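Residues per chain, in single letters:
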Amino acid sequence: MGTAPVEPIVFAAMLASASLHACWNAWVKSSPAPHQALAAVVIACGVPQGVLLMLYGFPPQAAWPWIAVTVVLGTGALLLLGSAYREGDFAVAYPLIRGLIPLVLAVAAVPLFAERPTTYGAAGIVCVSAGLVLIAWESARRTRTMTLKGLAFAALAAGVTAASVVSDAKGARVSGNPFSYAATISVLNAIVMAAIWSVRTSSLPAMLTAHGAVAAGGAMIATVSYILFIWSLMQAPVAMVAALRETSMLFAVLIAAFALRERIGGWRLVAIGLMFAGILLIRL
């Protein structure tokens, strides 16, 4: 079964989610200890999302199996991501993983959701993924740090992350309420992350205090971004939502160029062009 073009309001919500996702990740990246700052943001998200959970309540019982699957897969994806980073540079592993996700979902959505993208939509998904993979290739060519084992971990991380997006889509659609569902996932993720870092660090409160600004600000931005993402999954084809979500890398590159004054080479300009083309094709 084919899918209709993405509605303008859903399209705008997906781009807003992507841009906000890029903003809080850029904030984390600029921190002296990005891995701690990332954990602090995930844990801090439990506060605003906890308030929303009190307001909207828990999702219906039918959504809980999908919630459990999403939390488990999300944790597994983070562990695989860490393994990929140990085998290669972040600048290679991250865009490679994000670039593979929409392609995996485009194939998986046909049997799982009976969602077959339009010709323009399929071309847009391919363009977005190609842009991301091109960024990964350019970084690998420059740094020569990614091993075959690292590529394997990256592919596994992409597959597990794509599976978690499928679980998110199933759970969100069953729950019927993006606020309730997103809040439940975020609070559970915050609890799991806090438990992990309680073991990893001698003082979790001290770590959160050290990254207080990015934790507080990043948590608010991430909360809005995730709710928009969940709402979009309830309104539009999964693969298209994922592809537009991954254009956060496009916004990240632009933020790096204009805010952090990082240089953009020729290959990255081509990648930016591909992702812009992908956005336009998905809109069509």
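Each remark here, short or long, concerns the structure printed above.
Residues numbered from 1 in each chain as written. Predicted model: local features only at pLDDT ≥ 70, side-chain atom pairs only at ≥ 80, totals over all residues. Heavy atoms only, no water.

A few points about the overall build of the protein chain
Consideration 1: Of the regular secondary structure elements, the protein chain holds 13 helices and zero strands.
Consideration 2: Along the protein chain, helices and strands appear, N-terminal first, in the series α-α-α-α-α-α-α-α-α-α-α-α-α.
Consideration 3: Of all 284 residues assigned to the protein chain, the portion counted as buried reaches 49%.
Consideration 4: Total accessible area computed for the protein chain in this model is approximately 12700 Å², and 71% of it derives from carbon and sulfur atoms. (Helix = DSSP H or I, 4+ residues; strand = E, 2+ residues; numbered from the N terminus. Buried < 20%, exposed > 50% of the residue type's maximum accessible area, 1.4 Å probe, protein only. Areas by Shrake-Rupley, 256 points an atom, 1.4 Å probe, with all protein chains shown as cover.)

Some thoughts on the pattern of salt bridges
Consideration 1: Counted according to the given criterion, the structure contains one salt bridge.
Consideration 2: Between Arg173 and Glu115 there is a salt bridge, with its nearest N and O atoms 3.1 Å apart. With a gap of 58 residues between them, Arg173 in helix α7 (residues 148–175) and Glu115 in the loop between α5 (90–113) and α6 (119–143) connect regions that are remote in the sequence.
Consideration 3: Overall, Arg173 belongs to the partly exposed group, its relative accessible area being 31%.
Consideration 4: With a relative accessible area of 11%, Glu115 lands in the buried category. (Salt bridge = Lys/Arg side-chain N within 4 Å of Asp/Glu carboxyl O.)

Some details on helix α3 (residues 46–56)
Consideration 1: For α3, the complete set of buried residues consists of Pro48, Gln49, Gly50, Leu52 and Leu53.
Consideration 2: Looking at the packing, one finds that the buried side of α3 touches α2 (34–44), α8 (178–200) and α10 (212–235).
Consideration 3: Gly57 occupies a position one or two residues after α3 and carries a positive phi of about 80°. (Contact = heavy atoms within 4.5 Å.)

Thoughts on unusual backbone geometry
Consideration 1: You will see that Ala114, though not glycine, has its phi angle at about 55°, which is positive.
Consideration 2: Among the structural elements, Ala114 can be located in the loop between α5 and α6.

Here we look at the side chain of Arg245
Consideration 1: Following the sequence through the fold, Arg245 ends up in helix α11 (residues 238–245).
Consideration 2: One buried charged residue, Arg245, remains without a salt bridge, the closest side chain of opposite sign being Glu246 at 5.8 Å.
Consideration 3: Once residues lying within four places of it in the same chain are set aside, the contact partners of Arg245 are Ser17, Ala18, His21, Ser225 and Phe229. (Lys, Arg positive; Asp, Glu negative; His and termini not counted.)

Brief notes about the side chain of Ser186
Consideration 1: Relative to the helices and strands, Ser186 resides in helix α8.
Consideration 2: Not counting residues up to four positions away in its chain, the partners in contact with Ser186 are Gln49 and Tyr226.

Quick word on the nonpolar core
Consideration 1: Core analysis: the largest hydrophobic core is formed by 58 residues, its most contacted members being Leu105, Ile230 and Leu233.
Consideration 2: Among all residues touching Leu233, those that are not within four sequence positions of it are Val165, Asp168, Ala169, Arg173, Val238 and Val241.
Consideration 3: Ala37, Ala44, Met193 and Ala215 belong to the second-largest nonpolar core, a separate cluster that totals 19 residues. (Core = buried A, V, L, I, M, F, W, Y, C linked by side-chain atoms within 4.5 Å.)

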